[in-house]
Amino acid sequence: MAWIYQCHCVPRRYALPVNTYGRKSCLIMCVAIIAVGAAIGAASQSSSMFIVRRCLVGVGSAFGVTSPLLIVELAYPTHRAVCTSLYNCFYYVGSLTSAWVIFGTRNMNSDWARHIPTLLQTGIPSLILLSTILMPESPRWYISKGRYEEAR
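Residues numbered from 1 in each chain as written. Predicted model: local features only at pLDDT ≥ 70, side-chain atom pairs only at ≥ 80, totals over all residues. Heavy atoms only, no water.

A. Structural view of the overall build of the chain. A tally of regular secondary structure across the chain gives 11 helices and zero strands. Counted from the first residue to the last, the chain has its helices and strands arranged as α-α-α-α-α-α-α-α-α-α-α. Out of the 152 residues belonging to the chain, those deemed buried represent 30%. Put simply, of all contacts in the chain between residues at least 6 apart along the chain, 71% involve residues at least 24 apart. For the chain, the exposed area adds up to about 9,700 Å²; of that, 69% sits on carbon and sulfur atoms. (Helix = DSSP H or I, 4+ residues; strand = E, 2+ residues; numbered from the N terminus. Buried < 20%, exposed > 50% of the residue type's maximum accessible area, 1.4 Å probe, protein only. Contact = heavy atoms within 4.5 Å. Areas by Shrake-Rupley, 256 points an atom, 1.4 Å probe, with all protein chains shown as cover.)

B. Representation of the packing of aromatic side chains. This model, assessed by the stated rule, comprises two aromatic pairs. With 5.2 Å between their ring centres and 90° between their planes, Y91 and Y92 make a pair best called edge-to-face. Side by side, Y91 and Y92 carry an identical accessibility label, which is exposed. Ring geometry for W100 and F103: centres 5.4 Å apart, planes at 85°, overall edge-to-face. Within this pair, W100 and its partner F103 are both found in helix 7 (residues 80-105), separated by three residues, close to a single helical turn. The ring of F103 carries R106 above its face, with NZ or CZ at 3.9 Å from the centroid. (Phe/Tyr/Trp six-rings, centres within 6.5 Å; stacked < 30°, edge-to-face > 60°. Lys NZ or Arg CZ within 6 Å of the ring centre and 35° of its normal.)

C. A look at a nonpolar patch on the surface. Side chains of V82, L86, F90 and V93 sit close together on the surface and give an oily, nonpolar patch of about 380 Å² of accessible area. Within the fold, F90 resides in helix 7. A relative accessible area of 53% places F90 in the exposed class. (Patch = residues over 30% accessible without salt bridge, like charges linked within 9 Å, V, L, I, M, F, W, Y side chains within 5 Å. Salt bridge = Lys/Arg side-chain N within 4 Å of Asp/Glu carboxyl O.)

D. Spotlight on the UniProt feature "transmembrane region" (unreviewed entry) in the chain. Mapped onto this structure's residue numbering, the UniProt feature "transmembrane region" (unreviewed entry) falls at residues 26-44, 50-72, 84-103 and 115-135. Here residues 50-72 runs as 87% helix and 0% strand, with 34 Å between its end C-alpha atoms. Helix makes up 100% of residues 84-103 and strand 0%, with an end-to-end C-alpha separation of 29 Å. (UniProt positions renumbered as here; feature names shortened; annotations may be inferred.)

E. Focus on the side chain of K24. Position of K24 among the secondary structure elements: in helix 4 (residues 23-42). Here K24 is in contact with L70, T132, I133, M135, P136 and E137, once residues within four sequence places are set aside.

F. Here's a closer look at the packing of helix 4 against helix 5 (residues 47-62). For the pair helix 4 and helix 5, the least separation of the axes is 8 Å and the interaxial angle reads 165°. When the interaxial angle is binned, helix 4 and helix 5 end up roughly antiparallel. Here helix 4 and helix 5 pass one another in a crossing that is left-handed. From helix 4, C30, I33, I34, V36, G37, A38, I40 and G41 reach across to helix 5, where they touch M49, F50, R53, L56, V57, G60 and S61. Taken together, the residues of the contact of helix 4 with helix 5 break down into 10 nonpolar, four polar and one charged. (Axes fitted to C-alpha atoms, helices over the stretch in contact; angles between N-to-C directions. Parallel < 35°, antiparallel > 145°, perpendicular 65-115°, else oblique. Left-handed = near helix turned anticlockwise from the far one by under 90°. Nonpolar A, V, L, I, M, F, W, Y, C, P; charged D, E, K, R; others polar.)

Given below as C-alpha cells:
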C-alpha cells in the first residue's frame, strides 16, 4: 500500500512539463487531475475506485509544485513574501478543515461518511481552476522561451 502514498513522487521526478508547457498550464493540469480524482472518489462504489482516486489526487498534487512558483513570479515584488506565506499557511487551514469534516462524519452509518469529504475535495480545485484560467502566464517563463513581447 506504500505505492499508493508515493504516487505524488512520480511527476516530481519527471517535472519537465513545468519548463516545457509553462507554469499556468501545469497548474491547470494539476487541479483538473485532482478534481477528477476527487469526483471519482465521491462516486466510488468499491475500494478499487477509491484507490484510483488516491493515485489521481497524489499525481495531481505533485504538479502543484508550480503553485508557489507562479505566485512568486506573478506577485508584485513588495507582496511576494506575504503571498508566498499565505500560500503556505492555507495548507494548514485546508488540513484543519478536512480534519473537522472527517471528524464530523465519523459516526455516520452510511457510505456518505466517506463520500462527503471526497466530494468537498472537489470544491477548492474547481475554484482554483476557474481563477487560474483568468490569470496570466509567468513572465519569467515567457522570457526563458524567448517570447519577450508576451512577457511585458
